[in-house]
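# Commentary on secondary and tertiary structure
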Amino acid sequence: QVQLVESGGGLVQAGGSLRLSCAASGMIFSINDMGWYRQTPGKQRELVARISGDTTTNYADSVKGRFTISRDGAKNTGYLQMNNLKPEDTAVYYCNALILTTSWGVMRPYWGQGTRVIVSS
């Protein structure tokens, strides 16, 4: 069974930085896209950033210029560097990945349990 585990969240003041990690483990043949989403009470889960297998990136307009997504294929790990954090960035951040578990299977999406980010004024 594939498992994604996020880490690196916490409480920071506005203008500070955090680096989130997403470690994938279990039966993994290959990983295609990896991404980060966030959610607050009463709101839909929204895309923050995404990175493809060839490292092409995509960002939400609200985080462009402040956040950077990356990945380490050898470690099956994704990262989200968050700089100049704002109070509106406060949310639970979730890792998502499209993973092929066997060479004869199909690509399927997996989600982590989430890590909390709180940005104070």
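This text goes with the structure placed above it.
The shown structure was predicted, so the numbers you read here are calculated from the model rather than taken from an experiment.

## Focus: the nonpolar core
- Counting 29 residues, the largest nonpolar core has L4, W36, V48, F67, L80, M82 and Y93 as its most contacted members.
- Going through the elements one at a time, strand 3 (18-25), strand 4 (30-39), strand 5 (46-51), strand 7 (67-72), strand 8 (77-82), strand 9 (91-100) and strand 11 (115-120) are the ones with two or more residues in this core.
- Contacts of L80, omitting those with residues within four sequence positions, involve L18, R19, L20, W36, V48, A49, F67, T68, I69 and Y93.

## Some details on empty space enclosed by the protein
- Enumeration according to the criterion identifies 1 cavity of 30 Å³ or more in this entry.
- Counted as a void, the largest cavity has a volume near 40 Å³.
- Secondary structure elements with two or more residues in the lining of the largest cavity: strand 4, strand 7, strand 8 and strand 9.
- Considering each element in turn, the lining of the largest cavity owes the most residues, 3 residues, to strand 4.

What counts, and where the lines are drawn
Sequence order sets the numbering: in each chain, residues are counted from 1 along the sequence as written. Residues qualify for local features only when their pLDDT is at least 70, as the model is predicted, and side-chain atom pairs are given and counted only at 80 or more; totals for whole chains, interfaces and linings, by contrast, use all residues. To obtain the side-chain values, all non-hydrogen atoms of the structure were used and water was disregarded. In these notes, a set of buried Ala, Val, Leu, Ile, Met, Phe, Trp, Tyr and Cys residues joined through side-chain atoms within 4.5 Å is what counts as a nonpolar core. For every residue, the accessible area obtained with a 1.4 Å probe (protein chains only) is divided by the maximum for its type, and the residue is called buried under 20%, exposed over 50%, and partly exposed between those limits. A run of H or I in DSSP counts as a helix once it spans at least four residues, and a run of E counts as a strand once it spans at least two, with each numbered from the N terminus. Only heavy atoms matter for contacts: two residues are in contact if any of them lie within 4.5 Å across the pair. Note on definitions: the grid is 1 Å and covers protein atoms alone; a cavity is a set of points where a 1.4 Å probe fits but cannot get out; a pocket is an open set with protein on both sides within 12 Å along at least five of seven lines; lining residues have an atom within 4 Å of a point. Grid points are joined across faces, edges and corners, and a volume is the space filled by probe spheres set on the points.

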